Amino acid sequence: MSFSINGASFKGIGTLGAGQPDAGYYEVEGLQVEYKQGDKADARRLHVQFANGFKMFTFIHLPVEGLPEKSFKGRLAALKTILVSFGFSDEQIETGDISDAWFVTGSNGGRKAYVEFVPGQQGVQGSYAEITKFMDKAGFEKAVASGVKPAARQNNGGGVPKTGAPVVPGTVPAAPSSTVGGVVGTVAPAPAGGLRLPPPPAVGVAR
């Protein structure tokens, strides 16, 4: 007996056991921002998906009250770097109310981000897949055109924080806590499933 499936049903669905990409520069979808029981109150997991279906997360850290001014501004700058990577302008960022929805492709007008990625080394204990930085589209295109591949950080394979899981084929590895930031405000533990805040402006800009 024949069957028929609407192709639109496969949108956003990755393949089973998708392997980690090679070291390089990639466009990624933002899937969700999650607070998981046991994480620090000012930390959130930004889940992303690569074009081949590979999924992972990287930690973002919120600029909470009580931080030294330098640390507070540093987290704001890191957060802005991610927002710019998703294609938001200075004006949109500075006049908007930033929420987790701005980081999710399904709720931010279809925007995707650009990242520098280094895979974990198979068979090396303590080696993690890692998003080493977020970049804007111009920086991404320049990096791709250069033909130079990013190298793993010296500590990726020893002495990394025990906040993620080792790379195993077919699983979703977690990157160690990185230097990217989060939203402004006093932060209390969020409910499972991420923050529930107002959506970003419906800019709908094609990228």
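Report on the accompanying structure. Worth saying up front: this structure is predicted, and the values here are computed from it rather than measured. (Residues numbered from 1 in each chain as written. Predicted model: local features only at pLDDT ≥ 70, side-chain atom pairs only at ≥ 80, totals over all residues. Heavy atoms only, no water.)

1. Considering the nonpolar core
Within soluble globular proteins, side chains that are nonpolar generally end up buried alongside one another.
Right, on to step 1. The biggest cluster of nonpolar side chains holds 23 residues, and the ones touching the most others in it are Leu-46, Phe-50, Met-56 and Phe-103.
Right, on to step 2. Of all the secondary-structure elements, those providing two or more residues to this core are β1 (24-34), β2 (43-49), β3 (55-61), α1 (69-85), β4 (113-118) and β5 (130-135).
Right, on to step 3. Leaving out residues up to four positions away in the same chain, Leu-46 has contacts with Gln-32, Val-33, Met-56, Phe-57, Thr-58, Ile-60, Ile-82, Phe-103 and Phe-134.
Right, on to step 4. By size, the runner-up hydrophobic cluster in this structure holds 5 residues, among which are Tyr-114, Met-135, Phe-140 and Ala-143. (Core = buried A, V, L, I, M, F, W, Y, C linked by side-chain atoms within 4.5 Å. Buried < 20%, exposed > 50% of the residue type's maximum accessible area, 1.4 Å probe, protein only. Helix = DSSP H or I, 4+ residues; strand = E, 2+ residues; numbered from the N terminus. Contact = heavy atoms within 4.5 Å.)

2. Examining the pairing of β2
Right, on to step 1. Counting buried positions over the 7 residues of β2 gives 7, a clear majority of the element.
Right, on to step 2. Residues Ala-43, Arg-45, His-47 and Gln-49 point to one face of β2 and Arg-44, Leu-46 and Val-48 to the other, with burial holding for every one of them.
Right, on to step 3. Two elements, β1 and β2, share 5 bridges in a ladder whose sense is antiparallel. Residue pairing in the sheet places Val-33 in a bridge with Leu-46 of β2.
Right, on to step 4. Of the strand pairs in this sheet, β2 and β3 are connected by 7 bridges, and their pairing is antiparallel. What sits directly across from Arg-44, in β3, is Ile-60.
Right, on to step 5. Between the end of β2 and the start of β3, which pair antiparallel, lie 5 residues, with Gly-53 showing a positive phi angle near 100°. (Pairing = 2+ DSSP bridges.)

3. Side note on the packing of aromatic side chains
Right, on to step 1. Here the structure, examined in full by the defined rule, presents 9 aromatic pairs.
Right, on to step 2. Summarising the aromatic geometry, the rings of Phe-50 and Phe-117 are spaced 5.0 Å apart at their centres and angled 65° between planes, so their arrangement reads as edge-to-face. Taken together, the residues Phe-50 in the loop between β2 and β3 and Phe-117 in strand β4 connect sequence positions 67 residues apart.
Right, on to step 3. Classification of Phe-117 as buried rests on a relative accessible area of 0%.
Right, on to step 4. For Arg-111, the ring lying beneath its charged end belongs to Phe-88, and the centroid distance is 4.5 Å. (Phe/Tyr/Trp six-rings, centres within 6.5 Å; stacked < 30°, edge-to-face > 60°. Lys NZ or Arg CZ within 6 Å of the ring centre and 35° of its normal.)

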